[in-house]
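One-letter residues, chain by chain:
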Amino acid sequence: QVQLVESGGGLVQPGGSLRLSCAASGSIFSINVMGWYRQAPGKQRELVAAMTSAGITNFADSVKGRFTISRDNAKNTVYLQMNSLKPEDTAVYFCNAAVKTTPWTVERYYWGQGTQVTVSS
């Protein structure tokens, strides 16, 4: 079993910053992609940012230049630094990871429980 635990959400004013963290634990052999998705009320879940174990990144157009993603592979942890936050960034943010539990199994995607980010004055 693999668990992803997120932290760092909260309420912030427009223009402010937040840093989300997600730590993976359990039966982990390797993790390829780790990333963040978000889901606002009434909307579909969407990719925010992701990073491979080699450091290749992918960002949603709406967050480019404002958000950065980083990883500590030794700790199986991914971070999302969110700057210049806007009200439209308000959503539940979910951590996602592509995990191999043994060298012989295929990757499986795991999700965290989500953390609320609210941008409001």
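Predicted model, so just to flag it, every value in this text is computed and none were measured.

**Considerations on the overall build of the protein chain**
Alright, step 1. On a plain count of helices and strands, the protein chain comes out with zero helices and 11 strands.
Alright, step 2. Just so you have it, the protein chain exposes about 6,400 Å², and 51% of that area is on carbon and sulfur atoms.
Alright, step 3. Where the 11 positive side-chain charges of the protein chain centre and where its 7 negative ones centre are 3 Å apart.

**Things to note about the pattern of salt bridges**
Alright, step 1. This structure, assessed with the given rule, holds four salt bridges.
Alright, step 2. The residue Asp 89 makes a salt bridge to Arg 66 at a minimum N-O spacing of 2.8 Å. Placement of the pair is Asp 89 in the loop between strand S8 (77-82) and strand S9 (91-100) and Arg 66 in the loop between strand S6 (57-59) and strand S7 (67-72), with a sequence separation of 23 residues.
Alright, step 3. Three or more residues joined by partner-sharing salt bridges are found here, namely Arg 38, Glu 46, Arg 66 and Asp 89.

**Considerations on the packing of aromatic side chains**
Alright, step 1. Summed over all chains, the structure comprises two aromatic pairs.
Alright, step 2. Judged by centre distance (5.1 Å) and plane angle (65 degrees), the ring pair of Tyr 37 and Trp 111 falls under edge-to-face. In this pair, Tyr 37 is assigned in strand S4 (residues 30-39) and Trp 111 in strand S10 (residues 108-111), connecting sequence segments 74 residues apart.
Alright, step 3. Accessibility expressed as a relative area gives 39% for Trp 111, which makes it partly exposed.
Alright, step 4. Note on Phe 94 and Trp 111: the rings are 6.5 Å apart at their centroids and 85 degrees apart in plane angle, and the pair reads as edge-to-face. Here the residue Phe 94 occupies a position in strand S9, and Trp 111 occupies one in strand S10, the gap between them amounting to 17 residues.

**What about unusual backbone geometry?**
Alright, step 1. The backbone of Asn 76 sits at a positive phi, close to 50 degrees, despite the residue not being glycine.
Alright, step 2. With respect to the helices and strands, the residue Asn 76 is situated in the loop between S7 and S8.
Alright, step 3. Residue class for Asn 76 comes out partly exposed when judged on its relative accessible area of 22%.
Alright, step 4. Its identity is not glycine, yet Ser 84 carries a phi of approximately 50 degrees, on the positive side.
Alright, step 5. You can see Ser 84 is positioned in the loop between S8 and S9.

**Some words on the environment of Asn 96**
Alright, step 1. With respect to the helices and strands, the residue Asn 96 is situated in strand S9.
Alright, step 2. Sequence separation of Asn 96 and Ala 40 is 56 residues, and the distance between their C-alpha atoms is 17 Å.
Alright, step 3. Apart from the residues within four sequence positions on either side, Asn 96 is in contact with Leu 4, Val 33, Met 34, Gly 35, Tyr 37, Tyr 109, Tyr 110 and Trp 111.
Alright, step 4. Among the polar contacts made by the side chain of Asn 96, one reaches the main-chain carbonyl oxygen of Tyr 110 at a distance of 3.3 Å.

**Comments concerning the sheet that holds strand S3 (residues 18-26)**
Alright, step 1. If you walk across this open sheet you meet the four strands as S1-S3-S8-S7, and the pairing is antiparallel. Each edge of the sheet is formed by a strand with only one pairing partner; in this case those strands are strand S1 (2-7) and S7. Between one strand and the next, the sheet's axes are offset by a mean angle of 15 degrees, whatever the strand orientation.
Alright, step 2. As paired strands, S1 and S3 are joined by six bridges and run antiparallel to one another. Among the inter-strand pairings, Gln 3 is bridged to a residue of S3, identified as Ser 25.

About the cut-offs
Residues numbered from 1 in each chain as written. Predicted model: local features only at pLDDT ≥ 70, side-chain atom pairs only at ≥ 80, totals over all residues. Heavy atoms only, no water. Helix = DSSP H or I, 4+ residues; strand = E, 2+ residues; numbered from the N terminus. Areas by Shrake-Rupley, 256 points an atom, 1.4 Å probe, with all protein chains shown as cover. Lys, Arg positive; Asp, Glu negative; His and termini not counted. Charge placed at Lys NZ, Arg CZ, Asp CG, Glu CD. Salt bridge = Lys/Arg side-chain N within 4 Å of Asp/Glu carboxyl O. Phe/Tyr/Trp six-rings, centres within 6.5 Å; stacked < 30°, edge-to-face > 60°. Buried < 20%, exposed > 50% of the residue type's maximum accessible area, 1.4 Å probe, protein only. Contact = heavy atoms within 4.5 Å. Polar contact = N/O pair within 3.5 Å; in protein donor to acceptor, adjacent residues only side chain to side chain. Pairing = 2+ DSSP bridges. Axes fitted to C-alpha atoms, helices over the stretch in contact; angles between N-to-C directions.

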